[in-house]
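# Residue-level structure breakdown
Each chain is listed here by its residues.
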Amino acid sequence: MSDQHIHIHFVSMECYPCAKVGGLADVVGSLPKYLGQQGAEVAVFMPKYRMKWFEGKKFDYKHVSHFYLHQERIDYGVAEVLNSGLDFRLFVIDVPGKLDRDGVYAGSNGNFFGDEIQRHICFQRAYLNFIVNAEHTPDVVHCHDHHTGLIPFIMQHCDGYRSLASVPVVFTIHNERYQGAFPWTMHYLLPQFDSWKAGMMDWANLVNPLASAVKCAWKVTTVSPSYMEELKYNSMGLESLFNQESYKCQGILNGIDWDVWDPATDPYLDHKFVEDVDDYKEKNKLALLEGSQLDPSFPLVAFIGRFANEKGADLLPGIIEEAMRRDLQMNFVVLGTGDKWVEHQIGILAHHRPDRVAAMITYNEAVSHKIYAGADFLLMPSRVEPCGLNQMYAMRYGTIPIVHNLGGLKDSVSYFDGDNGTGLKFNSLDFYHIFEEFQRAIYLHGAKKLLTTARNNGMSADYSWVKSAGQYMDIYKTVTGR
Ligand code: ADP
């Protein structure tokens, strides 16, 4: 293209505010704006879901065609959303019957769709058909997570797409626990490929989209430097791959959308931050606890997130029970959905101890903002944490994170030593270490001056995208030779 901008396509299953399950959406919905400020022009490509955000939008179809998924004719369209209200161009991949669902990975009833392999392949093929037929190809295709992991292979080794082989592909791993692997017996879903290149899709005798992307992408990034290192010895069987490909891998810490997550302007907050952190925290805590039986004078520890093993959500009921058994002077507020056993246990705790535990077993963006503002501490007992955004939102909102010291939590939270630092961390995921930090939290909560310092440290630290966007720009420049 003739202008000075680097033209990037983000390809992702999620994008905030259109469709969000977790951090992937937050990143894809915010990074383009910050890249835009540094000389890139990003267009985001995502599925056209049958979800609320898409209602009433105007779609300008740029490409309408069909392909065959084995014997099934797939009609699809690629359209730009004209009235998205976003800071970047948004395109949707419209595949009726496959992508027009009422959820990203699972329906609104919580059940997974069961045809994710077909859905992801349709998404990737429709996107690639669009660019292979477009007048201009992007300077860089930036794929996010395993759902888009076959794109670099298809661009290089599949009939009908090899004209894209010289377009650089960057692949970002937001979560390596999900690799999208499927048996080779389903290879007929893929476009015709060079059979002697099949190894570039294979890992452990399966088609593994995540592994394939690591092999075929020009550059691979993860969402924090520590997580990148951890993948070399803990990555569900891909350890040797990450060691082998480490020359092209880089960890870049996520930032947060400074405008969306701003306690001074956040429309979800009953009391916005003006200048006195303690006053703002107290008012938001009272608003949050209104109608509950929780005593606001106790430290309030929050958990927000998916009830998933990697988040350590299964440990949560035990931790809360133990805190009550020890009669610790702290209360808990939990917001999340996921594992049914965890949902049930947390529900029971809230039912039996409404004086100590408040639980919302749901996904609610507004409530999450109110909790970040109203809680004193945010607990993250993650087993794996590629980056984690919750702790950054918490710190920006004056809530002190108590986190397992690994992955992105290690890179973004520094231990509060009474003067400097923004949070509390435990090095081992066991009661002994967690409760040691809980005791510190209770002490900190009672030592008002220290509490104010820790809150202010968190609120004034910089988690913005500016630095990280610069690192992505360096990668784009390297792969395009600009
Ligand atoms: P992951 O992407 O692994 O789930 P992240 O920490 O990267 O974890 O991002 C989680 C995002 O999802 C944050 O924006 C968090 O506030 C949000 N979130 C998770 N669960 C809920 C929920 N039940 N209600 C509202 N927001 C939620």
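Residues numbered from 1 in each chain as written. Predicted model: local features only at pLDDT ≥ 70, side-chain atom pairs only at ≥ 80, totals over all residues. Heavy atoms only, no water.

What follows deals with the site of the ligand. Around the ligand, the surrounding shell holds 19 residues, and the nearest of these are Lys-20, Gly-23, Asp-26, Arg-306 and Tyr-372. Asp-26 is positioned with one of its side-chain polar atoms (N or O) 2.8 Å from an oxygen atom of the ligand. At a separation of 2.9 Å, an oxygen atom of the ligand approaches a polar side-chain atom of Lys-311. Protein burial of the ligand: of its 560 Å² of free accessible surface, 93% is covered by the chains. Elements represented by at least two residues in the shell around the ligand include exactly α1 (23–36), β13 (300–307), β14 (331–338), α10 (365–374) and α11 (390–396). Counting residues per element, the shell around the ligand draws most heavily on α10, at three residues. Each residue belonging to the shell around the ligand can be placed in one class, and the counts come to five nonpolar, nine polar and five charged. Built from parts of two domains, the shell around the ligand gets at least three residues from each of domain 1 (6–255 + 466–480) and domain 2 (277–461). (Near = heavy atom within 4 Å. Polar contact = N/O pair within 3.5 Å; in protein donor to acceptor, adjacent residues only side chain to side chain. Areas by Shrake-Rupley, 256 points an atom, 1.4 Å probe, with all protein chains shown as cover. Helix = DSSP H or I, 4+ residues; strand = E, 2+ residues; numbered from the N terminus. Nonpolar A, V, L, I, M, F, W, Y, C, P; charged D, E, K, R; others polar. Domains from an automatic or database assignment.)

Before going further, it helps to examine the sheet that holds strand β8 (residues 182–183). Ordered in space as β8-β10-β9, the three strands form an open sheet in which the pairing is antiparallel. Every interior strand has two partners, whereas the edge strands, β8 and β9 (202–203), have only one. (Pairing = 2+ DSSP bridges.)

Domain parsing of the protein yields domain 1 (6–255 + 466–480) and domain 2 (277–461). The centre of domain 1, based on its C-alpha atoms, is set 33 Å off from the matching centre of domain 2. Residue-level contacts link 18 residues of domain 1 with 17 residues of domain 2. Overall, the association of domain 1 and domain 2 removes approximately 1400 Å² of surface from exposure, summing both partners, and the carbon and sulfur fraction of that is 56%. Where domain 1 meets domain 2, there are one salt bridge. (Contact = heavy atoms within 4.5 Å. Buried area = accessible area lost by both parts, 1.4 Å probe. Salt bridge = Lys/Arg side-chain N within 4 Å of Asp/Glu carboxyl O.)

Take the state of the cysteines next. Tallied over the entire structure, the rule returns zero disulfides. Cysteine Cys-18 is unpaired, with the sulfur of Cys-15 as its nearest cysteine sulfur at 4.4 Å. Of the cysteine sulfurs around Cys-387, a residue in no disulfide, the closest is that of Cys-249, at 17 Å. When its relative accessible area of 2% is taken as the criterion, Cys-387 is described as buried. (Disulfide = S-S within 2.5 Å. Buried < 20%, exposed > 50% of the residue type's maximum accessible area, 1.4 Å probe, protein only.)

Tallied over the entire structure, the rule returns 32 salt bridges. The residue Glu-322 makes a salt bridge to Arg-326 at a minimum N-O spacing of 2.8 Å. A residue is classified by how much of its surface remains accessible, and Glu-322, at 11% relative accessible area, is buried. Arg-326 gets classed as partly exposed once you look at its relative accessible area, which sits at 36%. The network of salt bridges with common partners includes Lys-33, Asp-87, Asp-257 and Asp-259.

Moving on, we come to the packing of aromatic side chains. Any two aromatic rings considered together are summarised by their centre-to-centre distance and by the angle between their planes. Applying the stated criterion to the full structure yields 20 aromatic pairs. With a centroid separation of 6.1 Å and 75° between ring planes, the pair formed by Tyr-49 and Phe-54 is classed as edge-to-face. Given a relative accessible area of 3%, Tyr-49 falls into the buried group. Accessibility expressed as a relative area gives 6% for Phe-54, which makes it buried. Arranged with centres 5.5 Å apart and planes meeting at 75°, the rings of Phe-431 and Phe-435 form a pair that is edge-to-face. Of this pair, Phe-431 and Phe-435 both sit in helix α13 (residues 431–446), separated by four residues, roughly a single helical turn. (Phe/Tyr/Trp six-rings, centres within 6.5 Å; stacked < 30°, edge-to-face > 60°.)

Taken across its five residues, strand β17 (residues 400–404) has five buried, putting it largely inside the fold. Of the two faces of β17, both are covered, the one formed by Ile-400, Ile-402 and His-404 as well as the one formed by Pro-401 and Val-403. By the bridge criterion, four bridges tie strand β16 (residues 377–380) to β17 in an arrangement that is parallel. Within β17, the position partnered with Leu-378 by the bridge is Pro-401. Regarding topology, α11 serves as the crossover connection from β16 to the parallel β17, and that connection is right-handed. Summarising the sheet, β17 and strand β18 (residues 424–426) pair through three bridges and their orientation is parallel. (Right-handed = clockwise from strand over helix to strand, strands pointing away.)

A few words now on the nonpolar core. Within the largest apolar cluster, 96 residues are counted, with the highest numbers of intra-cluster contacts made by Leu-35, Val-141 and Tyr-476. Element by element, the count of residues in this core is highest for helix α2 (residues 116–133), at nine residues. Beyond its immediate sequence surroundings of up to four residues, Val-141 is in contact with His-9, Val-11, Tyr-127, Ile-131, Ile-151, Met-155, Val-167, Pro-168, Val-169 and Val-170. Counting residues in hydrophobic clusters, the runner-up holds 35 residues, among them Leu-335, Leu-389, Ala-394 and Leu-409. (Core = buried A, V, L, I, M, F, W, Y, C linked by side-chain atoms within 4.5 Å.)

This part is about the sheet that holds strand β3 (residues 59–69). Judged by pairing direction, the sheet is mixed, and its nine strands sit side by side in the order β3-β4-β5-β2-β1-β6-β7-β11-β12 without closing on themselves. Looking at the sheet topology across the chains shown, the edges are occupied by β3 and β12 (249–251). Adjacent strand axes in the sheet meet at a mean angle of 20°, parallel and antiparallel pairs treated alike. The sheet contact formed by β3 and strand β4 (residues 72–81) spans ten bridges and is antiparallel. Each residue of the ladder has a partner; that of Ser-65, found in β4, is Tyr-76. Running over the sheet, α1 touches β1 (6–11), β2 (40–47) and β6 (140–144) and is turned about 155° from β2. Most of the contacts of α2 go to β3, to which it runs at about 120°, and overall it touches β1, β2, β3, β4, β5 (89–94) and β6. (Axes fitted to C-alpha atoms, helices over the stretch in contact; angles between N-to-C directions.)

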